[in-house]
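Tertiary structure, described
Letter by letter, the chains look like this.
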Amino acid sequence: MSFERLQRDLHEAIEGVNRYNPENVAELAACVQAMVAENKYDKDIVLTILKLYQLNPERYDENVVRQVLLKTLMVLPSSDFALAKCLIDTNRIGSQELRRIFDLGAVLESCNFAVFWKLMKGTYKPTTNPNEPFKVPAEISKMIKPMAGFEDAIKHYACRVISVTFQNIEKKLLSSLLGGASDKEVTALAKKFGWETKENGEVFFVANHEGTIKTRNIDEKIQFSHVADLLTSNVPPLAF
Amino acid sequence: MSRRVEFDMSHEDHTDRRRTNTFSSEEDGVPNEVADYLVYFSRMIDEQNVPEILTLYDQAFPDLTERFFRDRMWPDENVVERIIGPGNKLFIILYKELYYRQLYARNARGPLLVHRYESFMNYQELFSELLSSKDPIPLSLPNVWLWDIIDEFVYQFQAFCLYKANPGKRNADEVEDLINIEENQNAWNIYPVLNILYSLLSKSQIVEQLKALKEKRNPDSVADEFGQSDLYFKLGYFALIGLLRTHVLLGDYHQALKTVQYVDIDPKGIYNTVPTCLVTLHYFVGFSHLMMRNYGEATKMFVNCLLYIQRTKTVQSQQPSKKNFQYDVIGKTWDQLFYLLAICLAVQPQRIDESIASQLAERCGERMMHMANGNVDEFRNAFSTGCPKFLSPTTVVYEGVNQSKEPLLRQTQSFLEGIESQMALPVLRGYLKLYTTLPTKKLASFMDVDEENYDSFLGKLLTYKMIVNELGKEAGPSTVDDDEPQTDIDFYVDRDMINIADTKVARHVGEHFLRHIQKLQEVQDVLKRLDSAGQKP
């Protein structure tokens, strides 16, 4: 069944207290599969299935949980990933596969696009540090592969944070933050976000932050009405 | 000093009723005054006399507890039934609700399993009276009592979850009973608890009604006779806030905020009439925002709540009723709020009310400095002191180690994982403060970033802006209505140059001078009086 159909049926089924009906688990899981395949997303559905796993531990299915977590990474900068993590109980997080997603999440949440693209392209060099999160970097790209539209989602996320950070950005830097995107792709994304090209397309004008981000000094303003009481109380100074 | 409450004893009918009962209260060890109180109380409930009920509930009950029941419990339901006569089912249920609440409050280690079970049964009976009646039942209770019922119900559920995860809290006999209860899932199971709260919502059509109110439509147009009844409307309203708390305790922050989306945070909301309800609402909404990394929203909630408590503190402490056995929710939350506020402001500094800011600096100044220097343990401490008691509804431990703290550790961990990715922020701020313009490469070298990791370093700048602009918020960045920026430092990057804007706020001195002028006048008054007294020989 298509995502839209499942979504419509489920929204009726998880209304009010029925959200907690464990009978919905199978259909919710099917809907998560559809999201993965069709590059769709529904916040209520993914959080509901995690909730049901929390309340009905016997129905827990880690495969679905993994897919849910990866789906929530695709809607960054929304806090869905953080929300989803809070719904996973202690006894579940020992799993290496989940750990791997949490580590990837940490990279993305800190806007470390450079590392993300290295992981995707297989150029990531793990350190010898015992805490090195990506000892087998290839596992990450393998995990991402079935998720339709994952890389595009991350590019979109990168553009959103670039929008609020940069006034002008060089094409070279922009392209590298977008994982070495081609000129054509960079131009298409820039157009989508309303960025103008300048200097023969070598620089993009993102937004005029100069106008809003300014140094200011704020002085105290005292309203007369606030001190009127005191001024009228008229206590003569003490005379010695 | 305890304030005595007088009740009207002159009525004929209750003395009659007592005479016809062959009951002698002194025999059961119930003082006459208490017996009279109970009879009068049940009559006022019958008559739906809300102002009287409020006095009897809020003042007389703690007063009598103080005088007669410091070392023993209030009489049990059978004795009470003999005192007030038969046919007062609803009063007995309400009385038992108070009775069990006392039991919970008195035992530092928590009540016995049997009492936990009985208390749940009593709640079930109360709610089924309310929910399965064909017509709205004729009952009027003061707001504070209605809120206390919902609040205590959620609290006892929380207490039960922590109890069953901790084998150290029970004796051998209780283990058998607990196995039984868990097998039948007939007490304090998450499903019936959620069911009751949601049923209160749907019975009162509270969500539809609040939505209508928000859209300036007549709420009665979406409500049936239950929804239009004052009792059901208020119970539904308080159940929303009880549910908010339940969702947060289970780590479901999105659902928590969704639950109260139509509860307007404004001076007209019913929550304003009950101080503990106001504090609960602000604390849990603020906490949910904190977990969703909307530090700006969270700060606003916490500061408003602190201001409220500060304003009403003198009134609260003068109320004699709150002193015995009743847990000081507001006092405890007051402390917790400072820790949570410290976290928010360490990650995203903002200007807040000055009186709160100075108290915060006094309490947590050093901690905040450590947090700003990237000390994760300091964040951990502040979080675990400030957060609510999380719970796992499915964890039962019959023997072995106490697992009641596991959910707390889990939430702390996922909070800290978020903090770690923002850990560079305070350090970054430290450098940005010193400049008005700064090339990105130069900043990278300050922070010991080599050429190879330069792109990763840019991520820190992007994260900073992402947090400050609250990109994670669903509705997009809020439109700031005043012209004063909330953050003290902001920047944008133009190619490879960071342009920094800082907002300097001149110290507010008016308040200070006003206080001292007043003080001076007071001193002068005193001096004058001394002076004239001294002139007499």
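All residue numbers refer to position in the chain's written sequence, counted from 1. Just so you know, chain letters begin at A and ligand numbers begin at 1, following the order they were written in. In keeping with the predicted nature of the model, local features appear solely for residues at pLDDT of at least 70, side-chain atom pairs appear and are counted solely at 80 or more, and the whole-chain, interface and lining totals rest on all residues.

**Side note on the interface of chain A and chain B**
We count it as follows: In this description, a residue-residue contact is defined by the distance between C-beta atoms placed from the backbone, which must lie within 7 Å. Helix and strand definitions here come from DSSP, where helices need a minimum of 4 consecutive H or I residues and strands a minimum of 2 consecutive E residues; each element is numbered from the N-terminal end. Each residue is assigned to one class: nonpolar for Ala, Val, Leu, Ile, Met, Phe, Trp, Tyr, Cys and Pro, charged for Asp, Glu, Lys and Arg, and polar for all the others, Gly among them. For two strands to pair, DSSP has to find at least two bridges joining them.
Counting residues at the interface gives 50 residues for chain A, matched by 60 residues for chain B. Counting residues per element, the ones that place at least two in the side of chain A that touches chain B are α3 (43–55), α5 (80–86), α6 (96–109), α7 (113–121), α9 (150–165), β1 (166–170), β4 (216–218) and α12 (224–233) of chain A. In the side of chain A that touches chain B, the residues fall into 27 nonpolar, 13 polar and 10 charged. Bridge count for β4 of chain A against strand β3 (residues 497–505) of chain B is three bridges, and the pairing is parallel. Bridged to I218 of chain A within β3 of chain B is V505 of chain B.

**Some remarks on the domain arrangement of chain A**
All names here are of chain A. What counts here: Boundaries of every domain are those given by an automatic assignment or by a domain database.
Assigned domains of chain A: these are domain 1 (3–165) and domain 2 (166–214). Its C-alpha centre places domain 1 at a distance of 29 Å from the equivalent point of domain 2. With 10 residues of domain 1 in contact, the opposing surface of domain 2 contributes 11 residues. At the level of elements, α7 and α9 are the ones that each hand at least two residues to the side of domain 1 that touches domain 2. Broken down by class, the residue content of the side of domain 1 that touches domain 2 amounts to six nonpolar, two polar and two charged.

**Examining the environment of W188 of chain B**
Residues and elements named next belong to chain B. Within the secondary structure, W188 is located in the loop between α8 (172–184) and α9 (190–204). Expressed as a C-alpha distance, the spacing of W188 and Q158, which sit 30 residues apart in the sequence, is 8.8 Å. If sequence neighbours within four positions are ignored, W188 has contacts with R116, F120, F157, F160 and V193.

**A few points about helix α20 (residues 424–432) of chain B**
Note on helix geometry: an α-helix contains 3.6 residues per turn, so any two residues three or four positions apart are oriented the same way. Residues and elements named next belong to chain B. This is how it is decided: Think of it as a crowd count around each C-beta: if 20 or more other C-beta atoms lie within 10 Å the residue is buried, if 12 or fewer it is exposed, and in between it is partly exposed, with C-beta placed from the backbone throughout. This arc is built from the directions going out from the helix axis to the C-beta atoms.
All buried positions along α20 are accounted for by L425, P426, L428 and L432. Buried positions in α20, seen along its axis, are confined to an arc of 160° and lie on one side of it. Where α20 is buried, its residues touch α16 (329–347), α17 (354–372), α22 (454–468), β2 (489–494) and β3.

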